[in-house]
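One-letter residues, chain by chain:
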Amino acid sequence: MKEKVTLIVFSGEMDKALAAFNIALGAASMGMEVTIFFTFWGLNVIKKNQGPLKSRGVMRKMLNFMNRGGSKRLPLSRFHMFGLGKWMMGKLMRNAKFPSLDEMIALAHGAGVKFVACTTTMGMMGVSKEAFIPEVDSFAGVATYLEKANEGKINLFV
Amino acid sequence: MKEKVTLIVFSGEMDKALAAFNIALGAASMGMEVTIFFTFWGLNVIKKNQGPLKSRGVMRKMLNFMNRGGSKRLPLSRFHMFGLGKWMMGKLMRNAKFPSLDEMIALAHGAGVKFVACTTTMGMMGVSKEAFIPEVDSFAGVATYLEKANEGKINLFV
Amino acid sequence: MKEKVTLIVFSGEMDKALAAFNIALGAASMGMEVTIFFTFWGLNVIKKNQGPLKSRGVMRKMLNFMNRGGSKRLPLSRFHMFGLGKWMMGKLMRNAKFPSLDEMIALAHGAGVKFVACTTTMGMMGVSKEAFIPEVDSFAGVATYLEKANEGKINLFV
């Protein structure tokens, strides 16, 4: 029986997403079963970087314009400095031969990490399934999260 | 034997509180026993929306004026924009027939979710028991939290 | 067999660090085995307050200048107000006879809490072992974290 790790990614910030994916990749490489639930601002991590914005209603359009998302658009939680801090962090990561968030998403998907998008926040924010990258395995609510989380010992809210 | 879920709500932000209550309500509806410990800024979530501010000392008065709290006063962690972002979020939630934080607090209390206020932060910030909504079940410190958390598998810090 | 508590301190903010150390101290005093993994901005919590900044490369120098760290330099996550809010919080803590973060670090170390610094972020940010306080017990990556976390029920991401 495999050990299970379940992560909630609530935050839409690059540094927190990197931490979550680092844990997910580590756990997957140790043979654990990993599921990541993306909710609220965390949905931004798994939104497509390209493509048109489709939302119904003026307010949703405004929200989804500001809150565009996509792994390449996430701000840092500190020292973002209108993008300068983020650019520096990206450069430091490349210098240290550290994979980018994009590469970590691909690696995690390849290692069998499951990506679940939270349908409750999708409904609230007016985000449709087409907004997400193809690596997303399923769309579900809190009940699915709780069942999964209850099977493992490592449950983190990032 | 019931499964147990224990949440620490450290953050005083509306979006994080919504996430915590969504998990709490989901777990309660699945028959799990849920306890939420409100600490630090999280105490704001369960403060009364009405009533006078009573604190001893100038500095505590200042802190409790800025950090007034109450479920209707919580900022968003992102895009708060002096209240505009929060107002938009409230409207999107109503459009999506999503309960407000106030309604979720009532629903959670009705579903048997236990609310515990952290006495350590209350002492530090000079907040008295009268500052809280009547749904708060008890006042306790970290030892109570740890005993509860140790009985379950789902333990999150929000 | 001792119960185990494993905390990830990702945040470099004073209030979150206080919450983590409060939990760690409580758990240690109840006879639990506590390990704290400091990663990303959380490395700042266990950096020395004194001493020169040594980093290779201009960008790392800039990052480590801005992101200097040390338990006395951590900002508050809310109401920092260029240091005023933090000064007020420090004063309230002393008035309430609450130990400072510095004192909590010493108390935790004395109570057997293990401090682990994340080597992955150290490499990325160009922080060397000499930057840390002597209370740090070891330097390790995510695999060590996961092994530890898997032995206990209380695992939090702060």
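Residues numbered from 1 in each chain as written. Chains lettered and ligands numbered in written order. Predicted model: local features only at pLDDT ≥ 70, side-chain atom pairs only at ≥ 80, totals over all residues. Heavy atoms only, no water.

### Looking at the side chain of Asn 67 of chain B
For step 1, the next point in the chain: For Asn 67 of chain B, the position within the fold is in the loop between α2 (58-66) and α3 (84-95).
For step 2, the next point in the chain: Residue Asn 67 of chain B is classed as buried on the basis of its relative accessible area of 1%.
For step 3, the next point in the chain: At a separation of 2.5 Å, a polar atom in the side chain of Asn 67 of chain B contacts the side chain of Asn 44 of chain B.
For step 4, the next point in the chain: Those residues in contact with Asn 67 of chain B that sit more than four places away from it in its chain are Trp 41, Asn 44, Lys 47 and Met 125 of chain B together with Arg 78 and Phe 79 of chain C. (Helix = DSSP H or I, 4+ residues; strand = E, 2+ residues; numbered from the N terminus. Buried < 20%, exposed > 50% of the residue type's maximum accessible area, 1.4 Å probe, protein only. Polar contact = N/O pair within 3.5 Å; in protein donor to acceptor, adjacent residues only side chain to side chain. Contact = heavy atoms within 4.5 Å.)

### A short note on the pattern of salt bridges
Residue and element names in this part refer to chain A.
For step 1, the next point in the chain: This model, assessed by the stated rule, comprises 10 salt bridges over all chains.
For step 2, the next point in the chain: Across the pair Lys 72 and Asp 102 runs a salt bridge whose closest N-O atoms are separated by 3.0 Å. Of this pair, Lys 72 sits in the loop between α2 (58-66) and α3 (84-95) while Asp 102 sits in helix α4 (residues 101-110); the two residues are 30 residues apart in sequence, bridging distant segments of the chain.
For step 3, the next point in the chain: Look at Asp 102 and you get partly exposed, because its relative accessible area is 31%. (Salt bridge = Lys/Arg side-chain N within 4 Å of Asp/Glu carboxyl O.)

### Some words on the relation of the copies chain B and chain C
For step 1, the next point in the chain: The operation relating chain B to chain C is a screw motion whose rotation component is 120 degrees, with 0.0 Å of axial translation and a residual RMSD of 0.0 Å. In short, the pair behaves as if placed about a three-fold rotation axis.
For step 2, the next point in the chain: Mapped onto chain C, only 17% of the interface residues of chain B again fall at the interface, so the copies present different surfaces. (Least-squares fit on C-alpha atoms with pLDDT ≥ 70 in both.)

### Structural notes on the sheet that holds strand β5 (residues 154-157) of chain C
All names here are of chain C.
For step 1, the next point in the chain: Judged by pairing direction, the sheet is parallel, and its 5 strands sit side by side in the order β4-β3-β2-β1-β5 without closing on themselves. Each edge of the open sheet carries a strand with a single partner, namely β4 (138-140) and β5. Ignoring strand direction, the axes of neighbouring strands in this sheet form an average angle of 20 degrees. (Pairing = 2+ DSSP bridges. Axes fitted to C-alpha atoms, helices over the stretch in contact; angles between N-to-C directions.)

### Focus: the interface of chain C and chain A
For step 1, the next point in the chain: Across the contact, 30 residues belong to chain C and 29 residues belong to chain A.
For step 2, the next point in the chain: Of the roughly 2,700 Å² buried between chain C and chain A, counting both surfaces, carbon and sulfur atoms make up 76%.
For step 3, the next point in the chain: Seen at the junction of chain C and chain A, the total is 0 salt bridges.
For step 4, the next point in the chain: Put simply, the parts of the chain that give the side of chain C that touches chain A at least two residues each are α2 (58-66), α5 (119-125), α6 (142-149) and β5 of chain C.
For step 5, the next point in the chain: Here the side of chain C that touches chain A takes 6 residues from α6 of chain C, the largest share from any one element.
For step 6, the next point in the chain: Split into classes, the residues belonging to the side of chain C that touches chain A amount to 18 nonpolar, 8 polar and 4 charged. (Buried area = accessible area lost by both parts, 1.4 Å probe. Nonpolar A, V, L, I, M, F, W, Y, C, P; charged D, E, K, R; others polar.)

### Focus: the interface of chain B and chain C
For step 1, the next point in the chain: Each side of the interface is counted separately: chain B has 30 residues, and chain C has 29 residues.
For step 2, the next point in the chain: Our count for the contact surface shared by chain B and chain C stands at 0 salt bridges.
For step 3, the next point in the chain: In this structure, the connection of chain B to chain C is made through 5 residue pairs in polar contact (both at pLDDT 80 or more).
For step 4, the next point in the chain: Of all the secondary structure elements, the ones that give two or more residues to the side of chain B that touches chain C are α2, α5 (119-125), α6 (142-149) and β5 (154-157) of chain B.

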